[in-house]
Amino acid sequence: MSFKVPFIKKVVQSGTTLTSPMRQSLPSRIISCRMASSKTTMTVRDALNSAMAEELDRDDDVFIIGEEVAQYNGAYKVTKGLLDRFGERRVVDTPITEYGFTGLAVGAALKGLKPIVEFMSFNFSMQAMDHIVNSAAKTHYMSGGTQKCQITFRGTNGSAVGVAAQHSQDYSAWYGSIPGLKVLVPYSAEDARGLLKAAIRDPNPVVFLENELLYGESFEVSEEALSPDFTLPYKAKVEREGKDVSIVTYTRNVQFSLEAAEILEKEHGISAEVINLRSIRPLDVEAIIKTVKKTNHLVTVESTFPSFGVGSEIVAQVMESDAFDYLDAPVKRVTGADVPTPYAKELEDFAFPDAPTIVRAVKDILSVE
Amino acid sequence: MLLSATRNSHKVAIPSTVRLMSTINMRRSMATATSNGTSSSTKATPSEDNISGDDVVTINLPKESFEGYMVEPPSLSYKTTKGELLQMYKDMVIIRRMEMACDALYKAKKIRGFCHLSVGQEAIAVGIENAITKMDSVITSYRCHGFTYMRGAPVKSVLAELMGRRAGVSHGKGGSMHLYTSGFYGGNGIVGGQVPLGTGLAFAHQYKNEDACSFTLYGDGASNQGQVFESFNMAKLWNLPVVFCCENNRYGMGTAASRSSATTEYYKRGQYIPGIKVNGMDVLSIYQASKFAKDWCVSGKGPLLLEYETYRYGGHSMSDPGTTYRTREEIQNMRSKNDPIAGLKMHLIDLGIATEAEVKAYDKSARKHVDEQVELADACAPPEAKLSILFEDVYVKGSETPTLRGRISEDTWDFQKGGFANRD
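Residues numbered from 1 in each chain as written. Chains lettered and ligands numbered in written order. Predicted model: local features only at pLDDT ≥ 70, side-chain atom pairs only at ≥ 80, totals over all residues. Heavy atoms only, no water.

Looking at an unreviewed UniProt entry, chain B carries the name Pyruvate dehydrogenase E1 component subunit alpha, with the source organism given as Maudiozyma saulgeensis. UniProt's Catalytic activity (unreviewed entry) comment on chain B is quoted here verbatim: "N(6)-[(R)-lipoyl]-L-lysyl-[protein] + pyruvate + H(+) = N(6)-[(R)-S(8)-acetyldihydrolipoyl]-L-lysyl-[protein] + CO2". (UniProt positions renumbered as here; feature names shortened; annotations may be inferred.)

The name that an unreviewed UniProt entry assigns to chain A is Pyruvate dehydrogenase E1 component subunit beta, with the source organism given as Maudiozyma saulgeensis. UniProt, in its Cofactor (unreviewed entry) section for chain A, records the words "thiamine diphosphate". Check the Function (unreviewed entry) section of the UniProt entry for chain A; it says "The pyruvate dehydrogenase complex catalyzes the overall conversion of pyruvate to acetyl-CoA and CO2."

Written as structure tokens, this is what we have:
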């Protein structure tokens, strides 16, 4: 059986100070996240692939199920090579029946297996939502703790490019509200590896929201992150330290927020702190409070529809905490627009956050022209 | 089990010919039975010997018991033991008494919310359980009390759950629709939801290479759900060991089957999956069909569909009188002519397994047992009215999110602290 090793590029740079200059959105750019004497980079796709391979290797009860995950090697190639390595029993192609195969996977989890369910897009998970919420999330509680359900639901969430209204919705707020679920939102390759491995090992049902446009992005990963036992706690990460304003965000919006932070520094001398939430449920309220107390200004960024979203929740949490007293301005939200996603680029560009919009939001609360 | 059978003194008095229907007043033709394996055409030798539970009995079912679709129905003749027949009788009586107790407790407001009783349908839970082992899985809908008991939960634990007590099978967190026990996966509130789940149980049996199957039950009302057909497809495609069991009690809540289903031949709905229609008011037929189905699945032949034609005397739930969409005559007719318990009772007496007096004694003993269990259950405490218990079990112990919020932020619970997050 051949096994394709995920593409890892070793870049050795010793003693160099790493800065993060402004970058264009190219498919395989490298974003520096930390200083290290020897750097390995990995795409998010390979991070997810290697994470799943290791977890399948480690525990026979783990298996992957979804559309095109096996012979097609994954609609987005995230499961590439896994059928070859692990065989049909562990990597299962399904018919196009989300409702049925999600229920089937949950049933298998009730009996003690540990499925990884791939949704080609979380837009299709709406058909299966009854099983995610009513059969998976609530069962441990309804059974008084006697019936466990260890399962991971993963797939692309949110916008891609030009895929229009039925394929662009972001479900983080909907799933984030369900007690019994955990909801994770990785950004970098290290996030993807650590959080996915943690999710698969988590005895609870976990919704793991990826982003299609991040799959091809390369990130540096630490040595530690390459270990087969590497997992991450469900806590926020400070991607960029700052002192004037906190930008709290997740998934691809971390990239736009970092770009915005660069612009703010270069053009306005504003030092922005960027927090990568990594987890929607549990929400790292402690990290949010800490950063607000530090900078006294908060902007949230998400791709969900504006009403009843993650930003709304963050604002409410801040209002109800002692961080409220530290605010020098109201919290500002940057969200998706209140429209079904249009197709034409000129309009789609208005539908989701980008760096200039985040810059506008920051300037507004800092009263900068 | 709990009821003792006093068998020492009765005699064998076996008729060698089929008992005439007119003397029995049963709507369907009854099963004939002979003892000690002799055929029905020969006279059986009357014996004064004591009958032991191991005594083999040959059951001959009437030919209306089964109808096959793409499969030869199981044999109408099979062997079982007198002990097993007695056990099935006792099981059905306990379930009947337990369900009647639920009715009373609900009216006394000790059971709240939804309560779906299976009075009249007892034969299905009993027939299936006696045909399978603890290795097999069972999953059904919200009409689940009888199944929970048959899978091993004591009556007390079932009733305690219905009354929201801590000693209930789900520790008071689930209620009538969310009963679980070993090998029993509920108790499911969403109509049809249990069908893909049950298919997944079969997937797991296959994955783990177990000689076991999953009995996945659903009603005539659920049979039209899309997810049921999605399950059929995957089960057949992957040769999963699942027995899909349609408990056709003719009504999906208030809607007669003919008003909901373009075809009411539910055993054929599997299209490419063989099916058998079974008389669901006769535990002996159910037992044989279920055994056949289990053997079918476990021998690697893939899924099978069973339709149990049954009837519930009560309404859909305690909120439904059950008389606005069907006639009282229909209900009364089923009760008097097709009752599963009365049917098996007749066989027990005819086979000489028990006398009328002994059967009455079992009935009384069952009633007493259930009454005792009701009292024990009622004496159980509810969960303490504490927020720590409210928040327990949302996640697996030790893997909770750091906090969970109550109705206001002051009631946010911190799991690491084991106390409130925002209070001092």
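A.B. asks: What should I look at first to understand the overall build of chain A in this one?
C.D. replies: Within chain A, the regular secondary structure consists of 12 helices and 16 strands. Going through the 369 residues of chain A one by one, you find that 62% of them count as buried. Of the accessible surface of chain A, which amounts to about 14400 Å², a share of 53% is contributed by carbon and sulfur atoms. (Helix = DSSP H or I, 4+ residues; strand = E, 2+ residues; numbered from the N terminus. Buried < 20%, exposed > 50% of the residue type's maximum accessible area, 1.4 Å probe, protein only. Areas by Shrake-Rupley, 256 points an atom, 1.4 Å probe, with all protein chains shown as cover.)

A.B. asks: Explanation requested: unusual backbone geometry in the structure shown.
C.D. replies: Peptide bonds are, in most cases, trans, and in most cases residues other than glycine have a negative phi. Cis geometry is found at the peptide bond from A:Arg281 to A:Pro282, where omega equals 5°. In this structure, the amide linkage connecting B:Gly186 to the following residue, B:Gly187, adopts the cis form with an omega of 25°. At B:His171, a residue that is not glycine, the phi angle is positive and equals roughly 55°. Of note, B:His171 is situated in the loop between helix H4 (155-162) and helix H5 (194-207). The phi angle at B:Met253 is positive, at roughly 55°, despite the residue not being glycine. Tracing the chain through its elements places B:Met253 in the loop between strand S8 (251-252) and strand S9 (255-256). Taking the relative accessible area as the measure of exposure, B:Met253 reaches 52% and is therefore exposed.

A.B. asks: Would you mind going over the pattern of salt bridges with me for this structure?
C.D. replies: Side chains carrying opposite charge are able to pair once their charged atoms draw close together. Residue and element names in this part refer to chain A. The final tally for this structure, using the stated rule, is 45 salt bridges over all chains. For glutamate 55, the salt bridge goes to lysine 197, with nearest N and O atoms at 2.8 Å. Of this pair, glutamate 55 sits in helix H1 (residues 44-58) while lysine 197 sits in helix H7 (residues 189-201), and the two are 142 residues apart along the sequence. With respect to burial, glutamate 55 and lysine 197 carry one shared label: buried. Three or more residues joined by partner-sharing salt bridges are found here, namely Glu54, Glu55, Arg58, Arg193, Lys197, Arg201 and Asp229. (Salt bridge = Lys/Arg side-chain N within 4 Å of Asp/Glu carboxyl O.)

A.B. asks: Explain the domain arrangement of chain A to me, please; I cannot follow it from the model alone.
C.D. replies: For an interface, size is often stated in terms of accessible area lost upon the parts coming together. All names here are of chain A. Taken as a whole, chain A is organised into domain 1 (41-226) and domain 2 (237-366). Facing 29 residues of domain 1, the contacting portion of domain 2 comprises 25 residues. Connecting domain 1 to domain 2 are one salt bridge. Along the contact surface separating domain 1 from domain 2 lie 10 residue pairs in polar contact (both at pLDDT 80 or more). Those elements giving two or more residues to the side of domain 1 that touches domain 2 turn out to be helix H6 (172-176), strand S8 (182-184) and H7. Residues belonging to the side of domain 1 that touches domain 2 are distributed by class as follows: 17 nonpolar, eight polar and four charged. (Domains from an automatic or database assignment. Contact = heavy atoms within 4.5 Å. Polar contact = N/O pair within 3.5 Å; in protein donor to acceptor, adjacent residues only side chain to side chain. Nonpolar A, V, L, I, M, F, W, Y, C, P; charged D, E, K, R; others polar.)

A.B. asks: Looking at this model, I keep getting lost on the pairing of strand S4 (residues 62-66) of chain A. Mind explaining?
C.D. replies: Residue and element names in this part refer to chain A. The buried fraction of S4 is high, at five of five residues. What you see with S4 is no split at all: Val62, Ile64 and Gly66 on one side and Phe63 and Ile65 on the other are buried throughout. The pairing of S4 with strand S5 (residues 91-93) spans three bridges and is parallel. Bridge assignment links isoleucine 64 to a residue of S5, and that residue is valine 91. (Pairing = 2+ DSSP bridges.)

A.B. asks: Honestly, the packing of helix H3 (residues 98-110) of chain A against helix H4 (residues 129-137) of chain A in this entry has me stumped. Any pointers?
C.D. replies: Two numbers describe a pair of packed helices, the interaxial angle and the distance between the axes. All names here are of chain A. Packing of H3 against H4 leaves a shortest axis separation of 9 Å and a crossing angle of 15°. Of the possible angle classes, the one that applies to H3 and H4 is roughly parallel. In the crossing of H3 with H4, the sense of the turn from one axis to the other is right-handed. Residues Tyr99, Thr102, Gly103 and Val106 of H3 lie in contact with H4, whose contacting residues are Asp130, His131, Ile132, Ser135 and Ala136. For the contact of H3 with H4, the residue count by class is four nonpolar, four polar and one charged. (Axes fitted to C-alpha atoms, helices over the stretch in contact; angles between N-to-C directions. Parallel < 35°, antiparallel > 145°, perpendicular 65-115°, else oblique. Left-handed = near helix turned anticlockwise from the far one by under 90°.)

A.B. asks: What should I look at first to understand helix H6 (residues 226-237) of chain B in this one?
C.D. replies: Think of an α-helix as turning once every 3.6 residues; residues three or four places apart then point the same way. Across its 12 residues, H6(B) extends 17 Å between first and last C-alpha, which sits within 8% of the 16 Å expected from 1.5 Å per residue. Considered for burial, the residues of H6(B) that qualify are B:Gln227, B:Val228, B:Glu230, B:Ser231, B:Phe232, B:Met234 and B:Ala235. Among the structural elements, H3 and H4 of chain A together with H5, strand S6 (214-219), strand S7 (242-248) and strand S11 (304-309) of chain B are those in contact with the buried residues of H6(B). (Expected span 1.5 Å × (residues − 1).)

A.B. asks: How should I be thinking about the interface of chain A and chain B in this particular structure?
C.D. replies: The interface is formed by 50 residues belonging to chain A together with 42 residues belonging to chain B. Surface buried jointly by chain A and chain B totals about 3700 Å² across both partners, of which 65% is contributed by carbon and sulfur atoms. Joining chain A to chain B, the criterion identifies three salt bridges. Note that A:Lys111 and B:Glu210 form a salt bridge whose closest N and O atoms lie 3.4 Å from each other. Our count for the contact surface shared by chain A and chain B stands at 22 residue pairs in polar contact (both at pLDDT 80 or more). It is H3(A) that provides the largest number of residues to the side of chain A that touches chain B, a total of 10 residues. (Buried area = accessible area lost by both parts, 1.4 Å probe.)

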